[in-house]
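Each chain, written out:
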Amino acid sequence: MNIPALFEIVGLRYRLLWAKVRLKRGRVVLLVGAYFLVLPVLIVMFTGGIGSALAAVSSGKAESVAEIVLGCVYLDAILIAILLGSGTSPAFAYSELRRYPLSRLDRAGACELTAFLEPIWLFVLALDLGIAVGFHAFLGASSLLLAVLAAFLLVVTNFLLARIVSVLVDWVASRRVGSLLVAIVMSLGIVAPPMFQNLRRSAPLWKNRLFPLALGWLKFTPPFVAAGIMTEASALAALYRLLALLLWCFLFAALLALSGRLPSATPTVAGVRTPWDGPCDRIAAPFGSSAPLVSKTLRYYLRCNRARTLFLMTLLMFLCLLFLHVNPRHADGGLVVAIGMLPFVGWGGAMGMGANAFGFDGSGFRRYFLSPASPSSVLRVASLVPLCLSALLIPLALLCCRHLLVGPVNYVVWAMLVSSALGGLFFFNALAVWTSLLMPGKSEITAAFAREVAGTKLVALVGIVPLFLSVALAGMLGVATLVRYWWVLPVMTVAAACFYFVTLGVGARVLSERRERILSMVERGY
Amino acid sequence: MSTAIEMTHLRKQYGQITAVADLSLAVPSGSLFGFLGPNGSGKSTTVGCLTGLLEPTGGAIRLLGEPFDSNCVALKCRIGVMPENLGLFEALYAGEFLAFQARMYGLDERTSRQRVAELLAAMELSNQGKKPLAAFSAGMRKRVAFAAAVVNAPEILFLDEPFESIDPAGVVVMKQWLRHIVAEGRTVFMTTHVLETAERLCDRAAIIRSPGQLVWQGDISQLASGRPIAVDGEEFPTLEALFMHVAGKPYAATLSWL
């Protein structure tokens, strides 16, 4: 392998990253970010790992707890990496590196290394290393070196599996009905842990037969093998398990190489007449002079794998989570959870493309200013299309509430549910406008869950935090208090709507003023 | 003869960097105007300012006799632009993109359909089916961008490096169209690095050098009939010779290892 060239390419990736923030005080921002955010998180992860090892040893079931912790971290890392598009795609395309005098292996190595060195895998590595060190310190496991190696190899398998899943998700999502399939699988992946917990408690067949059987098979998986190494007293046995982990690495690497051979999903139908007068144009027709912008934006949404999948996933996840939390024994019947989760429905639509509304246009962004269109109409269309698409989900989500909620669904409850949904819709779409204007990034429409820009991640995080906070707060207050102060929700909805419409007005001026900067960001990526 | 494009003391700065220093230029209606200059001299920036993409830092622009800025929606309907980097919506198909352009410029449904169909046929793009523009070759993308620039039959057509990457047959067709547009009394404002093309095609030209400073402008139609242009007491039989005299810097570096 051409190691110097490999490191040169990895270095280039970081030089480009550095160049992106090389604005006024950009370097300072990066340094502050690196020292005051990444490093503390790494330390927290590492000490958290040590803490969980200590808890596992104190519980007296060191290996079982290690298996559960490492297994959960393993699955969550894959899910988060794919959902946030972080650490699942190389910084450079394999074909981009063909111009350099590098062998196939070098090219593949450079590509994978740039994806592996994303912060997410460093955080996972810190956590796994903490667990390994913790077990060695508190349990007196065989060898620290073997435990550390196991942690490292575990993260490598975790990364490789996330890459394979990401490639498959991209491939499936780009097929007809693929988005629906991916949405179902990912929704199930998110709701699977609480579902299994419920099953374990309630279904005897699962508890007595299927669970032990599944556990037997799981013993061979990387997190369970790594847990065995970290808690193993015999060095020889740990070494054998380490070899098994190494085999997993080779297997996943081979599968990743094979996944690169999946046929391209780009439809090229030579000889077919170009369809340019389709349903999108008919839907857009009533919008008058903005109709071409509306039909273009609708086409982009229909062709964006990520947007399609997230759109479908939003409703599926809402349905699954509501179903899991509805408890017929309590009077609230899931009302608290429904109110907490309904804003999520409005958030889902904005997540697809709305949070980076111009990022998918690339050099086409300049057309908005060359064409006879006002910045306000451009921004209105860029924001109202995801808002309307998300709004389509709200009646369906309310229908789910109607059928799943236990207890009386009277006018007050309806007002609360509708307000919660509309409030989230306006708030998150307003936020998406600001991230589109202030944090745009170059994005590819064909990549389902690949590289995503900071703005989208911000909306994702801002969306998740209030989601859980509201559920927790509502849970603490109780349904009686909620119903007593029902009017708070409509008031908040009106405030959110005002925020949205003010944002559209102010945003048009910002769009006009920042157009050169946005063009540079969405066209060149810096 | 009326003036189609007029810029007075045009200035454009990107922070501390001056892209166009102080450019004053008038382009008569019905001319095929070549806007020439070395790399980085400010040609594309000037076109960006003239078409509403960029906000000039200073100076004034008049198009078709009316003052122009980026908010002049009505005036934008009368111009066509093939910008730098083409500005295509890459997820759309060729027909969809042309239809988008036609509708944006306010063409009615019947005219849009007719023009899009004719342009697709003329540009040999009718059979590309459901192929997004991102999958097109560089030359085909350029054809789409050219078609998009002319779909509204503009009174002024701005073209930034129009012939680059297009095959010779395509170039011949495009040149014919440009001559036809000019013969109709419309104006073409074109940047190019191919001086032979500019010499044969354009009737007037301006040469600028970094940062957007006009060094020469005038009639170049006489070059096609073999008559030289006199500048600073010297005669230049080709546009290339004139360009090198007013704006060119010969590459002095010698690479001994090459």
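The shown structure was predicted, so the numbers you read here are calculated from the model rather than taken from an experiment.

Draft legend 1. Inspection of the overall build of chain B at higher detail. Counting its secondary structure elements, chain B contains nine helices and 12 strands. In summary, chain B has a C-alpha radius of gyration of 19 Å against a globular reference of 18 Å for 258 residues, a match within 12%. Expressed along its principal axes, the backbone C-alpha trace of chain B runs to roughly 55 × 45 × 40 Å. Going through the 258 residues of chain B one by one, you find that 53% of them count as buried. Restricting the contact set of chain B to residue pairs at least 6 apart, pairs at least 24 apart contribute 64%. As displayed, chain B offers around 11,100 Å² of accessible surface, 51% of which is attributable to carbon and sulfur atoms. Treating the 23 positive side-chain charges of chain B as one cloud and the 26 negative ones as another, the clouds have centres 5 Å apart.

Draft legend 2. Main features of the packing of aromatic side chains. What the rule picks out here adds up to 23 aromatic pairs over all chains. An angle of 85° between the planes, with centres 5.8 Å apart, marks the rings of Phe-365 of chain A and Tyr-368 of chain A as edge-to-face. The exposure class of Phe-365 of chain A is buried, given its relative accessible area of 1%. For Tyr-368 of chain A, a relative accessible area of 5% translates into the label buried. Of the aromatic side chains, those joined through ring pairs into one cluster are Tyr-300, Phe-358, Phe-365, Tyr-368 and Phe-369 of chain A together with Phe-89, Phe-97 and Phe-100 of chain B. A cation over a ring is seen here: Lys-296 of chain A above Tyr-300 of chain A, with NZ or CZ 4.3 Å from the ring centre.

Draft legend 3. Examining helix 9 (residues 222-231) of chain A more closely. Among the 10 residues of helix 9 of chain A, 10 are classified as buried, and the element is accordingly described as predominantly covered. The complete set of buried residues in helix 9 of chain A reads Pro-222, Pro-223, Phe-224, Val-225, Ala-226, Ala-227, Gly-228, Ile-229, Met-230 and Thr-231 of chain A.

Draft legend 4. Quick look at the interface of chain A and chain B. Each partner contributes residues to the interface: chain A has 37 residues there, and chain B has 47 residues. Summing both sides of the interface, chain A and chain B together bury roughly 3,700 Å²; the carbon and sulfur share of this comes to 58%. Seen at the junction of chain A and chain B, the total is five salt bridges. A salt bridge links Glu-96 of chain B to Arg-303 of chain A, with the nearest nitrogen and oxygen atoms 2.7 Å apart. Between chain A and chain B we count 20 residue pairs in polar contact (both at pLDDT 80 or more) in total. Broken down by secondary-structure element, the contributors of at least two residues to the side of chain A that touches chain B are helix 12 (291-303), helix 15 (367-370) and helix 21 (515-524) of chain A. The greatest single-element share of the side of chain A that touches chain B, amounting to six residues, is contributed by helix 12 of chain A. Taken together, the residues of the side of chain A that touches chain B break down into 17 nonpolar, eight polar and 12 charged.

Calculation rules
Per chain, residues are indexed from 1 in the order of the written sequence. Whichever chain is written first is A, and whichever ligand is written first is 1; the rest continue in order. Residue-level local features of this predicted model are given only where pLDDT is at least 70; pairs of side-chain atoms are given and counted only at 80 or more, and the full residue set underlies all totals for whole chains, interfaces and linings. As a rule here, side-chain values cover all heavy atoms of the structure and leave hydrogens and water aside. Per the convention used, a helix needs a DSSP run of H or I reaching at least four residues, while a strand needs a run of E reaching at least two, with both numbered from the N terminus. What the globule rule says is 2.2 Å times the number of residues to the power 0.38, and the radius of gyration is computed from C-alpha atoms. Relative accessibility decides the category of a residue: with a 1.4 Å probe and only protein chains considered, values under 20% of the type maximum give buried, values over 50% give exposed, and everything between is partly exposed. Working rule for contacts: check all heavy atoms of both residues, and any pair within 4.5 Å makes them a contact. The Shrake-Rupley method, run with a 1.4 Å probe sphere, supplies the accessible areas, and residue values consider only the shown protein chains as cover. In this tally, Lys and Arg are treated as positive and Asp and Glu as negative; His is ignored, and so are the chain termini. Where a charge lies is defined by one atom per residue type, namely NZ (Lys), CZ (Arg), CG (Asp) and CD (Glu). Put simply, two rings from Phe, Tyr or Trp (the six-membered ring, in Trp's case) pair if the centres are within 6.5 Å, and we call them stacked under 30 degrees between planes, edge-to-face over 60, tilted for the rest. For a Lys NZ or an Arg CZ to count as sitting over a ring, it must be within 6 Å of the ring centre and within 35 degrees of the ring normal. Summed over both partners, the accessible area (1.4 Å probe) lost when two parts come together is defined as the buried area. Any carboxyl oxygen of Asp or Glu within 4 Å of a side-chain nitrogen of Lys or Arg constitutes a salt bridge here. As used in this structure description, the phrase polar contact means that two N or O atoms lie within 3.5 Å; if the pair is within protein, one of them must be able to donate a hydrogen and the other to accept it, and residues adjacent in sequence are counted only when both atoms belong to side chains. Residue classes follow a fixed rule: Ala, Val, Leu, Ile, Met, Phe, Trp, Tyr, Cys and Pro count as nonpolar, while Asp, Glu, Lys and Arg count as charged, and any other residue, Gly among them, counts as polar.

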